[in-house]
Amino acid sequence: MKYEEFIKLFQTKVNSLSKGKQLDLAVSVCKRLLPDYQQFYIENNWWNPVILLYSIKICELFKGNEASLELVKEMLPKVNEIIPDTEDFRNATYALNASAAVYETLEYLIDNDKIHIFNIGIYLTDTIDFKVQEEDELTQQQIDNHPKMIEVHKYLVEGEIKQ
């Protein structure tokens, strides 16, 4: 699937999901990206992935009305503080995507804007894009046809998000 086609299909998917399923998708992507932040932490000994883990848990609890909006708002600056800058760390791209996904999930809980869910999915595809190009620079067509990218596109567009 070409990138442009994926974008249209993913936007349609996001718009068709209920708020609960949008949150499920966001949390699922955050969990998929979290190991990249953990690896960044191990390599750089900078901040700690516990803040992201705790924030993800808050998002899950919020869905069940077990966490308050105030707690969500409290976590925003804490997560923002641990988003690495790629100018400070050569290897920060994956960790940046992981932490930005968590940040946008928290923002989604505050404003219910679907753009956050879309952006979270794009953080995942960007991460896969970078990973498949680590060893070789690929054309856009080669990236689109890479098995890992096909898997992520299928997950984001067709995947059943459990309620």
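Residues numbered from 1 in each chain as written. Predicted model: local features only at pLDDT ≥ 70, side-chain atom pairs only at ≥ 80, totals over all residues. Heavy atoms only, no water.

## As for the packing of aromatic side chains
For step 1, the next point in the chain: Under the counting rule described, the total for this entry stands at eight aromatic pairs.
For step 2, the next point in the chain: Here the aromatic rings of W46 and W47 are separated by 6.1 Å at their centres, their planes lie at 90 degrees, and the arrangement is edge-to-face.
For step 3, the next point in the chain: Residue classification places W46 among the partly exposed residues on the basis of a relative accessible area of 22%.
For step 4, the next point in the chain: Its relative accessible area of 35% is what places W47 among the partly exposed residues. (Phe/Tyr/Trp six-rings, centres within 6.5 Å; stacked < 30°, edge-to-face > 60°. Buried < 20%, exposed > 50% of the residue type's maximum accessible area, 1.4 Å probe, protein only.)

## Some details on unusual backbone geometry
For step 1, the next point in the chain: Within the chain, W47 stands out as a residue other than glycine whose phi angle is a positive 55 degrees.
For step 2, the next point in the chain: Within the element layout of this structure, W47 appears in the loop between α2 (19–44) and α3 (50–63).
For step 3, the next point in the chain: In this structure, N65 is a non-glycine residue whose phi angle is positive, near 60 degrees.
For step 4, the next point in the chain: With respect to the helices, strands and loops of the structure, N65 is situated in the loop between α3 and α4 (69–81). (Helix = DSSP H or I, 4+ residues; strand = E, 2+ residues; numbered from the N terminus.)

## Comments concerning helix α1 (residues 3–16)
Side chains of residues three or four places apart in an α-helix project in the same direction, reflecting 3.6 residues per turn.
For step 1, the next point in the chain: Its 14 residues place the ends of α1 20 Å apart at the C-alpha level, agreeing with the 20 Å of an ideal helix rising 1.5 Å per residue.
For step 2, the next point in the chain: When we look at burial in α1, the residues that qualify are F6, F10, K13 and V14. Summarising the axial view, the buried residues of α1 lie within an arc of 95 degrees, below the 170-degree limit, and thus occupy one face. Turned more than 90 degrees from where α1 packs its buried face, E4, K8, T12 and S16 sit exposed. (Expected span 1.5 Å × (residues − 1). Arc of directions from axis to C-beta.)

## Examining the pattern of salt bridges
For step 1, the next point in the chain: By the definition in use, this model includes four salt bridges.
For step 2, the next point in the chain: Where K31 meets E60, a salt bridge forms, and the shortest distance between an N and an O atom there is 2.5 Å. Placement of K31 in helix α2 and of E60 in helix α3 is noted, with a sequence separation of 29 residues between them.
For step 3, the next point in the chain: Under the relative-accessibility criterion, K31 is labelled partly exposed at 45%.
For step 4, the next point in the chain: Judged by relative accessible area, which is 30%, E60 ranks as partly exposed.
For step 5, the next point in the chain: E151 serves as the salt-bridge partner of R32, at 3.5 Å between the closest nitrogen and oxygen. Linking R32 in helix α2 with E151 in helix α8 (residues 147–158), this pair joins segments that are 119 residues apart in sequence.
For step 6, the next point in the chain: Since its relative accessible area comes to 47%, E151 is described here as partly exposed. (Salt bridge = Lys/Arg side-chain N within 4 Å of Asp/Glu carboxyl O.)

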